Amino acid sequence: MANLAVNIGGLKMKNPVTVGSGTFAYGQEYDRYFDISKLGAVTTKSLSLEPRAGNKPPRLVETPAGMLNAIGLQNVGIEAYLRDKAPFLREKGCTIIGNIYGKSPEDYAELAKRLDEAGAADAIEANLSCPNVHDARTARGCTLVAQVPELVQEYTRAIKAATKLPVFVKLTPNIIDIAEPALAAEEAGADGVALINTLLGIGINPETRKPILSNIVGGLSGPAIRPVAVKMVWDCAKVLKIPIIGMGGIGNASDAMQFILAGATGVAVGSCSFRQPDAAIKVVEGLNDYCERHNVENLTQLIGKLE
Amino acid sequence: MANLAVNIGGLKMKNPVTVGSGTFAYGQEYDRYFDISKLGAVTTKSLSLEPRAGNKPPRLVETPAGMLNAIGLQNVGIEAYLRDKAPFLREKGCTIIGNIYGKSPEDYAELAKRLDEAGAADAIEANLSCPNVHDARTARGCTLVAQVPELVQEYTRAIKAATKLPVFVKLTPNIIDIAEPALAAEEAGADGVALINTLLGIGINPETRKPILSNIVGGLSGPAIRPVAVKMVWDCAKVLKIPIIGMGGIGNASDAMQFILAGATGVAVGSCSFRQPDAAIKVVEGLNDYCERHNVENLTQLIGKLE
Amino acid sequence: MPQVSTCEIQAHMEVAPDHYRLVLHAPEIAQEACAGQFCMLEVQEGLYPFLRRPMCFERIYKDSISILYKVEGEGTRLMSRLSQGQTISVQGPLGKPFPLDSDVERHILVGGGIGIAPFPSLAEAIISELGTTPEVIIAARTESMLLCEDEFRQMGCTVHLATDDGSAGVKAFASEVLRELNPGPKARAYCCGPMPMMRATHDVCQDLGITCLASLEAEMACGDGVCLGCVVEANVEIEAERMVRVCYDGPVFDSSLINWSAY
Amino acid sequence: MPQVSTCEIQAHMEVAPDHYRLVLHAPEIAQEACAGQFCMLEVQEGLYPFLRRPMCFERIYKDSISILYKVEGEGTRLMSRLSQGQTISVQGPLGKPFPLDSDVERHILVGGGIGIAPFPSLAEAIISELGTTPEVIIAARTESMLLCEDEFRQMGCTVHLATDDGSAGVKAFASEVLRELNPGPKARAYCCGPMPMMRATHDVCQDLGITCLASLEAEMACGDGVCLGCVVEANVEIEAERMVRVCYDGPVFDSSLINWSAY
Ligand SMILES: Cc1cc2nc3c(=O)[nH]c(=O)nc-3n(C[C@H](O)[C@H](O)[C@H](O)COP(=O)(O)OP(=O)(O)OC[C@H]3O[C@@H](n4cnc5c(N)ncnc54)[C@H](O)[C@@H]3O)c2cc1C
Ligand SMILES: Cc1cc2nc3c(=O)[nH]c(=O)nc-3n(C[C@H](O)[C@H](O)[C@H](O)COP(=O)(O)OP(=O)(O)OC[C@H]3O[C@@H](n4cnc5c(N)ncnc54)[C@H](O)[C@@H]3O)c2cc1C
Ligand SMILES: Cc1cc2nc3c(=O)[nH]c(=O)nc-3n(C[C@H](O)[C@H](O)[C@H](O)COP(=O)(O)O)c2cc1C
Ligand SMILES: Cc1cc2nc3c(=O)[nH]c(=O)nc-3n(C[C@H](O)[C@H](O)[C@H](O)COP(=O)(O)O)c2cc1C
Ligand code: FES
Ligand code: FES
């Protein structure tokens, strides 16, 4: 067995593999396919202060090698998470990355504080980049907090002030240079960045002449976007000191290795779980095989080791 | 037969279908599969003042439902184009969109002028968004002219001053809000915009731990990016008065209809020709079928008619 | 527990224009599966199509399952090209089965078009587990699209046919046929088909004061409760959510729990 | 003229570990194809893999072609699962064939590993069109990977074997075997295999002062000259370009035109 353990900005994980927020719910369902405590961490669906009903259906479109979603952050809310969901993850012995979403820095701070105080997360991932909700209108042309470095700083500081847990900031690929908000997050004290969230996209049904999603616009995920994600991880790795959790179309260990070589310390399996519910654990196994095959003792030796 | 004719900012086309620059060379090769003069127009590979050798191989990576390329604008140069390539297209009776690339507004102006004077193009498409060459470094974080609205204006004005032909400006999806450079082009007198060029991406071979492309970074094209392209066409259509040529993963008439409904007046078939050399003409046929099936007399009635 | 397994195609045949029956060797899944549940099929190897396709169990045998499907789009078109001996990845069983209630005296299965698919296995279960024989209303656009008639008759079910064009059976909507059957208060309807047909069936059942179990459809990504893509709006909260998951909380719902005005 | 046609699989068999022969009914393509040209295969329907795979013609029959291939990655793995009777889309013939020159007195075909693939059809063409019988050097890592030996012997070719591990024939590089054959000035070598093997063969031929025709490989998107993805650097300009297209200007090149120092 190779040593796959990583430390992501203070969060110790027995292996680098977690899951994309919103693609694993709160863990229960996929625990029927494999022991989810064997993952490096479980990242929760974005949690908000109040439960959210999300967008009207249809919320999904399949696209070539990917999908668009406009779930709209349907979630049980922090209260129900603490009561009904976290205990399961804790009993299983999972490492938990609590992904949070709010409408203001205060919301995020409050969510981080409650997760921390309840011991219901081991790290915080702040979703500043959900394309499917438009509560936080920002500068001209920008609709996402993560598109505006100054806002990234403001939000990051607020969260950092509210918790001692490691804080990761989740960034958007809908941008010219992702290194800018990443550096902003670093400056503001973030312990890591997570990327990428989905690319904005639209699917139209030519027969009905209507957009397929009730929300019109959705977020594109899956293997289709993997090359974009690897590039953005590489862009960030060149300039950041804090670690990166890379995601975007990871379905197997070879995909994950692309992210690690590009500079990611952690990797998340997202949409690919939908087609293969045990994809995340297969990535863990595959990374171990890779290390053994290449005589790599510690996987950390390979982080950013693109030649 | 439905009426498929469109007028794109002064360029009359018998149908809305052209090809992605760089995916059809100068027309000769695919003319062996179908009569290319039946297309609305043929868009040439980007032409530069001097011949360009392009990047070192490997220049291609296949990706899920798409590909990365880093050709680096290898082309015969304007001289050889006028001498060896344009006559073939003219003899065939093709409508020609001459795509041009230069290092300065002056280069673009000169190229447009020479194409115009030689009668070797019926419209100019200015590639301000090639991700594979880095001659034109711009503002911080930006590497492409099309990422900087002020530069888009400067380049567009220079080209417009040099030719009476319709001028289309080709934009990049590597941006927060594509409507900004599009509006800038419109303000500067562009007769249309063409979008999207490729998304930046990287492919890594985990076994060798090396990037697959000699250039490391390449441009992602193909059906993988189609939802992103449709979204960007829609974003532009909402604010522009000038017409749009839409492209990004179009492989059949149904794909093309997504762009037309989102607001594109013209559509271009790019990478999909590689897997199906007659894809572009199949799109023409399919659009006609679509119109007949839906009792649409003039295809123009459907432009931007998303419900 | 649901699982993912690679299953050999034992038989594959066209049963009506664009409608196929696929019989898969799937012992573990067959053993767990109940009528009303479904599976997610990987149409072909690789990433195209990207998502699995949800299909319910037409029949559940000892070691195998059968799927009755209609060619709708690209995925089912590719599926129709598969041949005996090839393998296909199947994830299942998923979702909640039809509840079987021995207090019910009259079971009426109402299937519209390909919506008949879950009912052969349900009829079998009602016969074997409740000892009664259900009645079946098979509705379709036209005669050639009426599916499974022989199957139901062989099981001893009374079969009522309805077509939109009157080419077979009565020219009426399935819901109207149901009303005509005068189901008493101890009857129960089970329906599956296009949304408008299910809504109409729900309305009729409300009028008649009987329970209607509807097997809903929705676009699915995971088929397993995690993505929240397949939700429908409920009148109540299920696991603290009002937008309930067709794949996990359903696909079978008591129709009175669904907010039909959203459809 | 190249074309795209849907071809039925007439036979498909494993000929060595991970090596297969695929025989396709492709009358129009077979009629046009010449040794050294290639085709682009759509591995399976739909968008995965996205690009076609280039494969040269092992044999060209009246109505059919055969492909000899090695499972390299995902595309060829999926290909290996195809079965007789299924269809596959074939685009071809593409590229320039091996030139056949009647002044040449001794034809020596040098194939490394799966690089032997274009040579059975070339041997046939040399025999039938030039009336002489070529010699063949078959090189491979180990004995079980030596391909087509019987085919060549049946055509009457002298066959020389070379393996890296000495398990069959001589333990030597193909290029060295070529040198040992002492080809006179009127000999010509044809080679196909991994780049280092072709480069070494080119070097030997330069030493010997004979022409070497190399069939190159490169990643391809279009296979047809339009994308400029498959270029290699030449010492001369072809159609005004120095970066020449393996798919269109080749795949067969006089090895002296290639800038081998780039490899
Ligand atoms: C629980 C459940 C059970 C089902 N059982 C059956 C069955 O037994 N037999 C049968 O023929 N069909 C059944 N369906 C519908 C079937 O899943 C769709 O017809 C099929 O997915 C269409 O795929 P496609 O690729 O041919 O169509 P496309 O239009 O190409 O599909 C594009 C996308 O839309 C989705 N989609 C399209 N139509 C539907 C639909 N009606 N419902 C859900 N998703 C859809 C696809 O899954 C895919 O993601 C069931 C659906 C659900 C939700
Ligand atoms: C003109 C020509 C003729 C060929 N003839 C044969 C033949 O007769 N028999 C045979 O076994 N192989 C042949 N090859 C090589 C064959 O095309 C590759 O082995 C095959 O494309 C690998 O695909 P894959 O999906 O299995 O591998 P993957 O590694 O999954 O492929 C990923 C991508 O890389 C490309 N690729 C990978 N390896 C090669 C390679 N060596 N050359 C070109 N592209 C590659 C693929 O086409 C694809 O785009 C030929 C190549 C060329 C250029
Ligand atoms: C159905 C779905 C729901 C998602 N919900 C969330 C979410 O609640 N919060 C979040 O930060 N990201 C969310 N994402 C984004 C993913 O976590 C991930 O960043 C993105 O999908 C890219 O990874 P992938 O290509 O592996 O899916 C969601 C993605 C999908 C497909
Ligand atoms: C191999 C290749 C070469 C290209 N060369 C050019 C070019 O020279 N000039 C240009 O403006 N765009 C070029 N493009 C971009 C295409 O014209 C098009 O904008 C892009 O590929 C998206 O369309 P698609 O997904 O249909 O390919 C190239 C694309 C590919 C794949
Ligand atoms: S399909 Fe994912 S929750 Fe139902
Ligand atoms: S593969 Fe496109 S030019 Fe050769």
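Every value quoted in this text rests on a predicted model; they were computed, and no experiment measured them. (Residues numbered from 1 in each chain as written. Chains lettered and ligands numbered in written order. Predicted model: local features only at pLDDT ≥ 70, side-chain atom pairs only at ≥ 80, totals over all residues. Heavy atoms only, no water.)

Okay, the pairing of strand 14 (residues 241–245) of chain C next. All names here are of chain C. Of all the 5 residues making up strand 14, 4 are buried; the element is thus mostly covered by neighbouring parts of the structure. When strand 13 (residues 231–238) meets strand 14, the two strands line up antiparallel, connected through 4 bridges. Its bridge partner lying in strand 14, Val232 is registered against Val244. Counting the residues in the hairpin turn of strand 13 and strand 14 gives 2 residues, including Glu239, whose phi is positive at 45°. (Buried < 20%, exposed > 50% of the residue type's maximum accessible area, 1.4 Å probe, protein only. Helix = DSSP H or I, 4+ residues; strand = E, 2+ residues; numbered from the N terminus. Pairing = 2+ DSSP bridges.)

Taken together, the contacts link 49 residues of chain B with 49 residues of chain A. With both sides pooled, the region where chain B packs onto chain A buries about 4200 Å², and carbon together with sulfur makes up 66% of that total. Three residues, B:Ile176, B:Ile204 and B:Arg209, lead the burial of chain B against chain A; their summed loss comes to 18% of the area buried on that side. Connecting chain B to chain A are 2 salt bridges. We note a salt bridge from A:Glu207 to B:Arg293, for which the minimum N-O separation is 2.7 Å. Applying the counting criterion to the chain B and chain A interface returns 16 residue pairs in polar contact (both at pLDDT 80 or more). Going through the elements one at a time, strand 11 (199–202), strand 13 (210–211), strand 14 (217–221), helix 5 (226–239), helix 6 (253–262) and helix 8 (279–293) of chain B are the ones with two or more residues in the side of chain B that touches chain A. Per-element tally for the side of chain B that touches chain A: the top contributor is helix 5 of chain B, with 6 residues. Classifying every residue of the side of chain B that touches chain A gives 28 nonpolar, 10 polar and 11 charged. (Contact = heavy atoms within 4.5 Å. Buried area = accessible area lost by both parts, 1.4 Å probe. Salt bridge = Lys/Arg side-chain N within 4 Å of Asp/Glu carboxyl O. Polar contact = N/O pair within 3.5 Å; in protein donor to acceptor, adjacent residues only side chain to side chain. Nonpolar A, V, L, I, M, F, W, Y, C, P; charged D, E, K, R; others polar.)

What follows is about the sheet that holds strand 16 (residues 266–269) of chain A. All names here are of chain A. Across the sheet, 8 strands lie side by side as 3-16-15-10-9-8-7-4; this open sheet has parallel pairing. Looking at which strands have only one partner, the edges of the open sheet turn out to be strand 3 (17–19) and strand 4 (42–43). With 3 bridges connecting them, strand 9 (residues 167–170) and strand 10 (residues 192–195) associate as parallel partners. Paired with Phe168 across the strands is Gly192, a residue of strand 10. The strands touched by helix 3 (residues 149–162) within the sheet are strand 8 (123–127) and strand 9, with strand 9 carrying the most contacts at an inclination of about 155°. (Axes fitted to C-alpha atoms, helices over the stretch in contact; angles between N-to-C directions.)

Attention shifts here to the site of ligand 4. With respect to spatial proximity, 23 residues lie near ligand 4, and among them B:Ser21, B:Ser46, B:Gly222, B:Gly249 and B:Ser271 are the closest. Neighbouring residues of ligand 4 are distributed over chains B and D. One of the backbone nitrogen or oxygen atoms of B:Gly222 is found 2.7 Å away from an oxygen atom of ligand 4. About the coverage of ligand 4: the protein hides 98% of its 600 Å² of free accessible area. By residue class, the composition of the shell around ligand 4 is 5 nonpolar, 16 polar and 2 charged. (Near = heavy atom within 4 Å. Areas by Shrake-Rupley, 256 points an atom, 1.4 Å probe, with all protein chains shown as cover.)

Take the interface of chain C and chain A next. Counting residues at the interface gives 32 residues for chain C, matched by 33 residues for chain A. Between chain C and chain A the total buried area reaches about 2800 Å² when both faces are included, carbon and sulfur atoms providing 58% of it. Our count for the contact surface shared by chain C and chain A stands at 5 salt bridges. Ionic pairing is found between A:Arg32 and C:Asp224, a salt bridge with its closest N-O pair at 2.4 Å. There are 13 residue pairs in polar contact (both at pLDDT 80 or more) connecting chain C and chain A. Those elements that provide at least two residues to the side of chain C that touches chain A are strand 1 (3–16), strand 7 (87–94), strand 13 and strand 14 of chain C. Sorting elements by how many residues they give to the side of chain C that touches chain A places strand 14 of chain C first, with 3 residues. When the residues that make up the side of chain C that touches chain A are grouped by side-chain class, the tally is 18 nonpolar, 5 polar and 9 charged.

The next point concerns the sheet that holds strand 4 (residues 53–56) of chain D. Residue and element names in this part refer to chain D. Read from one edge of the open sheet, 7 strands run 4-3-7-1-2-6-5, paired in antiparallel fashion. Both outer strands of the open sheet, strand 4 and strand 5 (59–60), are each paired with one neighbouring strand and no more. The sheet contact formed by strand 2 (residues 19–25) and strand 6 (residues 64–70) spans 7 bridges and is antiparallel. Its bridge partner lying in strand 6, His19 is registered against Lys70.

Residues and elements named next belong to chain C. Residues in contact with ligand 1 amount to 20 residues; listed here are only the nearest, Arg53, Pro54, Gly75, Thr76 and Glu217. Separating an oxygen atom of ligand 1 from a backbone N or O atom of Gly75 is a distance of 2.7 Å. In this structure, an oxygen atom belonging to ligand 1 sits 3.1 Å away from a side-chain N or O atom of Glu219. Protein coverage of the free-state accessible area of ligand 1, which is 820 Å², stands at 84%. When the residues that make up the shell around ligand 1 are grouped by side-chain class, the tally is 10 nonpolar, 3 polar and 7 charged.

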